[in-house]
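Notes for the structure review
The residues making up each chain are set out below.
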Amino acid sequence: MIVRTLIVGSLALLVSSCASAPPAPAVPQYRAPWADAVKPEFRYLLASYGAANLPTRRDETLDRYLRSQTKTFDRYVAAKEVGVGVEPLQQEAAAEIEAVSLELRSKLFLVRTNFTVQAYDKQLGGFPLFQEPFDRNASVRYTNDDVRTGKSTEGRTRGMSVIAKDYGFNEAEVWFSKSGWIVPASPDQAVRILENLSQVGGERKVAVAMTYTLDRCDPADNDPGRLICKATIRAMSGYSSLDAAQPDAQPVVELVRRSQG
């Protein structure tokens, strides 16, 4: 009886000890350095345009800005037609441009894309994304999904005559330079790196999660409905494919920027 009591007591003590033991520390999950970057909303591109052009072309800039968003399009067009209430809308727009453009100074934007990898360069110590005579620059396009912008389906079905200058910006093209960016690799590492790059249309490609900051946006010279924006690449993480470029997945390689003269 005494032995049984001791056994039961020991089991109870063991169970109690296990129940009160602290849980094992969780293994930290990998989080990519670009995980908090975002795809730019079109309003950021509009604000960049506003901030860059307000000082020299105030009325024209505010006019295009107010026509580029559903929330102001109808009110602004009506105010212009009757000649009353335009100034308060302009002041609202100017204040909004200033507030959003302050965010842009530190805001990182993200794009996932494929870049062609050029021939190995011993001097640079890797595979450059740019080599003569290929294009130094690349771009990505964004659409303004606002139905009040550009030639909307609704406008066409009603037989309305849509003139581009009567609407705002419906598209933006963001340009950045690839010059100096390389997939780093020593000669010994080069073969392994090549094996991890994808083949697309017979070309070696690296899938990247690329972050950039927006410099400025201006109207396209030959298209009143399009913005042309300049941006600066901040970082690129390389993966075997675009599907593999996930915030919790380790990249194959982190691209670096080195001078190309």
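Refer to the structure above for everything that follows.
In what follows, the accompanying structure is described. (Residues numbered from 1 in each chain as written. Predicted model: local features only at pLDDT ≥ 70, side-chain atom pairs only at ≥ 80, totals over all residues. Heavy atoms only, no water.)

**Some points on the nonpolar core**
Counting residues in each nonpolar core, the largest one holds 50 residues, and the members touching the most others are Leu 45, Phe 115, Val 174, Met 210, Tyr 212, Leu 227 and Met 236. With residues near it in sequence (within four places) discarded, Tyr 212 still touches Pro 40, Lys 107, Leu 108, Phe 109, Val 111, Tyr 142, Val 174, Ala 231, Thr 232, Ile 233 and Arg 234. Residues Trp 34, Ala 37, Leu 110 and Ala 245 belong to the second largest nonpolar core, which totals 7 residues. (Core = buried A, V, L, I, M, F, W, Y, C linked by side-chain atoms within 4.5 Å. Buried < 20%, exposed > 50% of the residue type's maximum accessible area, 1.4 Å probe, protein only. Contact = heavy atoms within 4.5 Å.)

**Side note on the pattern of salt bridges**
In this structure the tally under the stated criterion is 14 salt bridges. The salt bridge involving Asp 36 is made with Arg 31; its shortest N-O contact spans 2.6 Å. Of the two residues, Asp 36 and Arg 31, both sit in the exposed class. Among the salt bridges present, the one from Glu 132 reaches Arg 136, with a minimum N-O distance of 3.7 Å. When salt bridges that share partners are traced, they join Arg 141, Glu 171, Glu 173, Asp 223 and Arg 226 into one network. (Salt bridge = Lys/Arg side-chain N within 4 Å of Asp/Glu carboxyl O.)

**Regarding the sheet that holds strand E10 (residues 256–257)**
Pairing is antiparallel across the open sheet formed by 3 strands, whose spatial order is E2-E5-E10. Bordering the open sheet on either side are strand E2 (126–128) and E10, each of which pairs with just one other strand. Examined bridge by bridge, strand E5 (residues 181–184) and E10 share 2 bridges and lie antiparallel to one another. Among the inter-strand pairings, Ile 182 is bridged to a residue of E10, identified as Val 256. (Pairing = 2+ DSSP bridges. Helix = DSSP H or I, 4+ residues; strand = E, 2+ residues; numbered from the N terminus.)

These figures capture arrangement, not role.
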